[in-house]
Amino acid sequence: MQSSLFDNLVPNNDFESHDLGNARIDEYPTAFEARQALKLAGTLINEIPWHQASIIIAGVPRQVPRLQCWMGDAESIYGYSGMRLSPEPWSEAVISIKQRLCDLTCLNFNSVLLNYYRDGKDSVAWHADDEPELGVDPIIASVSLGAERDFQLCPKNSSSRAVKARLKLRNGSLLVMGKGMQNNWLHQVPKANNIFDPRINLTFRNINPTA
Ligand SMILES: O=C(O)CCC(=O)C(=O)O
Ligand SMILES: [Mn+2]
């Protein structure tokens, strides 16, 4: 039997479910032990083939303010912000995180988008992960390693983009964005001028290769 990096951890009953009315987020604040989470962040920073993508906004190419890597089963091709991403093969460290996730939630995924926020100047703007290849109402599991950042939410149909809910993205935490989240809400990780440490985020997804 393959052993996991996390065999020594007790089953996690540190759990909170956030009801947003038309959506749910399940939070496991201590899915990964704090020191282990920081070690994993260091491993991923060094081992992952990071890329800085450019996207066209109003006709002007702009660099995305974070580094990324798309990883997963070979057929998990992802169309995202005008890009078509072929996956990197699973790394050992990411497989161990995926296994821990599966042990905690019984969820399995065929791909993951890794984000590397080098410091508080890196961010991700308002969006929903609602591309057709993710299916009709996808469940996405998001692991945070390293510097704590804010996770902000606003209803998809609001014109003001005012923040209506927020969570802390703690080192070692796991959020499962459940049914309704990508259909009804946008999320973002804003810039933070008081953060100087890196953060790694892994959002595990299921790509339907025929979409
Ligand atoms: O960094 C995060 O916690 C969120 C990342 C995200 O929303 C995404 O990659 O789609
Ligand atoms: Mn997202």
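The coordinates are above.
What you see is a predicted model; the values in this text were computed from it and never measured.

Draft legend 1. Region of interest: the coordination of the manganese ion (ligand 2). Coordination of the manganese ion (ligand 2) by the protein comes from H127 (NE2), D129 (OD) and H187 (NE2), over a distance range of 2.1 to 2.2 Å. Site description for the manganese ion (ligand 2): donor spacing in sequence, H-x1-D-x57-H. With a gap of 58 residues between them, D129 in the loop between β9 (124-127) and β10 (140-146) and H187 in strand β14 (residues 185-189) connect regions that are remote in the sequence. Note on H187: relative accessible area 4%, which makes it buried.

Draft legend 2. Structural detail: helix α1 (residues 34-47). Counted at 1.5 Å a residue, the expected span for α1 with its 14 residues is 20 Å, and the 20 Å between its end C-alpha atoms agrees. Next to the buried residues of α1 lie α2 (92-105), β8 (111-117), β10 and β15 (199-205). The N-terminus of α1 is capped by E33, whose side-chain oxygen sits 3.2 Å from the backbone nitrogen of R35.

Draft legend 3. Structural view of α2. The terminal C-alpha atoms of α2 lie 20 Å apart, and with 14 residues this matches the ideal 20 Å at 1.5 Å per residue to within 8%. Among all positions in α2, only A93, V94, S96, I97, K98, R100, L101, L104 and T105 are buried. A positive phi of about 65° marks C106, the residue just after α2.

Cut-off values and rules
- All residue numbers refer to position in the chain's written sequence, counted from 1.
- All chains are assigned letters beginning with A, and all ligands numbers beginning with 1, in the order in which they are written.
- For a predicted model such as this one, the threshold for reporting local features is a pLDDT of at least 70, and the threshold for listing and counting side-chain atom pairs is 80 or more; totals across whole chains, interfaces and linings nevertheless cover every residue.
- The side-chain quantities take in all heavy atoms of the structure and omit both hydrogens and water.
- For Na, K and Ca the donor cutoff is 3.2 Å, while for all other metals N, O and S atoms must lie within 2.8 Å; water is not among the atoms, so some sites may look incomplete.
- Secondary structure elements are taken from DSSP: a helix is a run of H or I of four residues or more, a strand is a run of E of two residues or more, and numbering for both begins at the N terminus.
- Throughout, exposure labels follow a simple rule: accessible area from a 1.4 Å probe, protein chains only, divided by the maximum for the residue type, with under 20% read as buried, over 50% as exposed, and the rest as partly exposed.
- Here a helix's expected span is defined as the number of its residues, less one, multiplied by 1.5 Å.
- Contacts are residue-level and defined by heavy atoms, with any inter-residue pair within 4.5 Å sufficient.
- Contacts described as polar in this section are N or O atom pairs within 3.5 Å, which, within protein, must combine one atom able to donate a hydrogen with one able to accept it, while residues neighboring in sequence count only if both atoms come from side chains.

By themselves these figures say nothing about function.
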